[in-house]
Amino acid sequence: MTGAEPASPWFREWAERTGHVFFVIRVEVALTLEFVSESVVELTGHTAAELLADPHLLEHHVVPEQAKSRAAAGVDEAGRLDVELDLHHRDGTTVRVHVVASRRAGGDGAMVFEGVVYDIREQHAARQRADQSEAWFRLSFEKSLIGMCVVAPGGRFLRCNPALCQMLGRDNDELSTMTWQEVTHPADLQVDLDLVAAVLAGESTGFRLLKRFVSKDGAIIWGDLTTAVLNDADGRESLWISQVVDVTAKVEAEQALAASEQQYRLLAENVSDVVVQLDRGIVRWVSPSLTRSLGWEPDDWIGRSVSDFHHPDDAERVRALDASLGVGQPVIARVRVRAKDGTYHWVSGHAAAYHSPTAGEAETVVSIRLIDDDVAREQELDRRATYDELTGLL
């Protein structure tokens, strides 16, 4: 603009057509606005005429002291100014602007700045939202009790949070020199690689996997891994974001339980007594000795109510036994149970509540054995006690 009259018709028309705010400011003891385009009203709430007529308005109301200090510090050696400032709007709000200007000497030797002011409120608000989102992510990343990491294409750790560092027994600096492949148990590596390959082939955007990690001291860590890929604007692999929940205690407890139940079932399957596992009166499992004792196959009982097999005359007794079990008391009782051929046999049953870690409510384990011979002998003794063999009298 040097050598041109700032307020000339061609410049004024050009300035108004752009929609941005063009200005010429003389800097002496105070700021003197020599020209400003009409669009300034959008940024300040004041018309161009108001600002040109009242120098005090610009100096003390529109441009705060902080903005003036920042502008003065932003001028480089060549006299160029490129800075973001906050202006005061007439309605009391703050308007973020981007000011680009150049310095020249006026005809009277005064310093003159000519430039343009861009309204960047939307961009500034978007940056603030992004910064807030980044701050929340950093806070959740650092403070999370779940292991988290950012991984580069190829597998190198870019950043690991304290929870993951503690889990793997290595600090972030050490892990940053390693890949996830190096801390994965060899037996689980191929499965993990295959899932990664499926993501890179576009079959999914991430996956979840229960896998083993190896800590620095060689300990095996079971982790529930959830990972997803972030692609760039061209759809190429950019970053991987992963979360790892340490489930070692849970997996080891389940393994111990499975081993215990396997031993229990092995024992139950090789004893002569019939062992029945009930869930609210429904047969969930029964030992193979059922076939030897009553002729039924285990599948004949599984899924059915135990009341389908006891004698109808024993129904009241069975309900009383259930009530005792309901208050945590083990019971021992004799009832009649139907065999596959339709006959009923006396059995002695021992029932107790069993609290399985994998079941929501207490289950019942019943052990029964045939006592037909015992009952027959007892009935014979009772008969003899009340019957005179010589006289035939009771």
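The rules we used
- Residues numbered from 1 in each chain as written.
- Predicted model: local features only at pLDDT ≥ 70, side-chain atom pairs only at ≥ 80, totals over all residues.
- Heavy atoms only, no water.
- Helix = DSSP H or I, 4+ residues; strand = E, 2+ residues; numbered from the N terminus.
- Buried < 20%, exposed > 50% of the residue type's maximum accessible area, 1.4 Å probe, protein only.
- Contact = heavy atoms within 4.5 Å.
- Areas by Shrake-Rupley, 256 points an atom, 1.4 Å probe, with all protein chains shown as cover.
- Phe/Tyr/Trp six-rings, centres within 6.5 Å; stacked < 30°, edge-to-face > 60°.
- Core = buried A, V, L, I, M, F, W, Y, C linked by side-chain atoms within 4.5 Å.

Engineer: Mind showing me how you'd approach the overall build of the protein chain here?
Structural biologist: On a plain count of helices and strands, the protein chain comes out with 14 helices and 15 strands. A burial count over the protein chain gives 37% of its 394 residues as buried. In the protein chain, once contacts between residues fewer than 6 apart in sequence are set aside, the share between residues at least 24 apart is 36%. As presented, the protein chain carries roughly 23100 Å² of accessible surface, and 54% of it is formed by carbon and sulfur atoms.

Engineer: Even after reading the chapter, I still don't get the packing of aromatic side chains, so can you show me in this structure?
Structural biologist: Aromatic ring pairs are reported here in terms of the distance separating the ring centres and the angle at which the planes meet. Tallied over the full model, the rule gives two aromatic pairs. When the ring of W296 is compared with that of F309, the centres are 5.3 Å apart and the planes differ by 80°; the resulting orientation is edge-to-face. Here the residue W296 occupies a position in the loop between α11 (289–294) and α12 (298–301), and F309 occupies one in the loop between α12 and α13 (315–326), the gap between them amounting to 13 residues. With a centroid separation of 4.4 Å and an interplanar angle of 20°, the aromatic rings of W301 and F309 are classed as stacked. F309 sits in the buried class, given a relative accessible area of 1%. Of the aromatic side chains, those joined through ring pairs into one cluster are W296, W301 and F309.

Engineer: Where do I start with the nonpolar core in this structure?
Structural biologist: In summary, soluble globular proteins display a tendency toward joint burial of nonpolar side chains. F23, L33, V36, V97, V99 and V117 are the most contacted members of the largest nonpolar core, which totals 25 residues. Listing elements by their share of this core, those giving two or more residues are β1 (21–27), β2 (31–36), α2 (40–44), α3 (48–53), α4 (55–62), β3 (80–88), β4 (94–105) and β5 (111–119). Excluding residues that lie within four positions of it along the chain, V99 makes contacts with F23, L81, D82, V83, L85, V116 and V117. Counting residues in each nonpolar core, the second largest holds 22 residues, with M167, V196, V199 and L225 among its members.

Engineer: Looking at this model, I keep getting lost on the environment of L325. Mind explaining?
Structural biologist: Residue placement: L325 occurs in helix α13. By relative accessible area, L325 is classed as buried at 13%. Spatially, the C-alpha atom of L325 lies 6.5 Å from that of A353, the residues being 28 residues apart in sequence. Setting aside anything within four residues of it in sequence, one finds L325 in contact with P330, V331, A351, A352, A353 and T364.

Engineer: In this structure, what is going on with the side chain of T44? I would like to understand it.
Structural biologist: Checked against the element boundaries, T44 lands in helix α2. Among residues more than four places away in sequence, those in contact with T44 are L51, V62, H88, H89 and R90.

Engineer: Sorry, what's going on with the environment of F213 here?
Structural biologist: Summarising the element assignment, F213 is placed in strand β8 (residues 206–214). Along the backbone, F213 and T184 are 29 residues apart, and their C-alpha atoms lie at a distance of 4.5 Å. In contact with F213, other than residues within four places in its own chain, are L168, V183, H185, A219, I220, I221, G223 and V244.

By themselves these figures say nothing about function.
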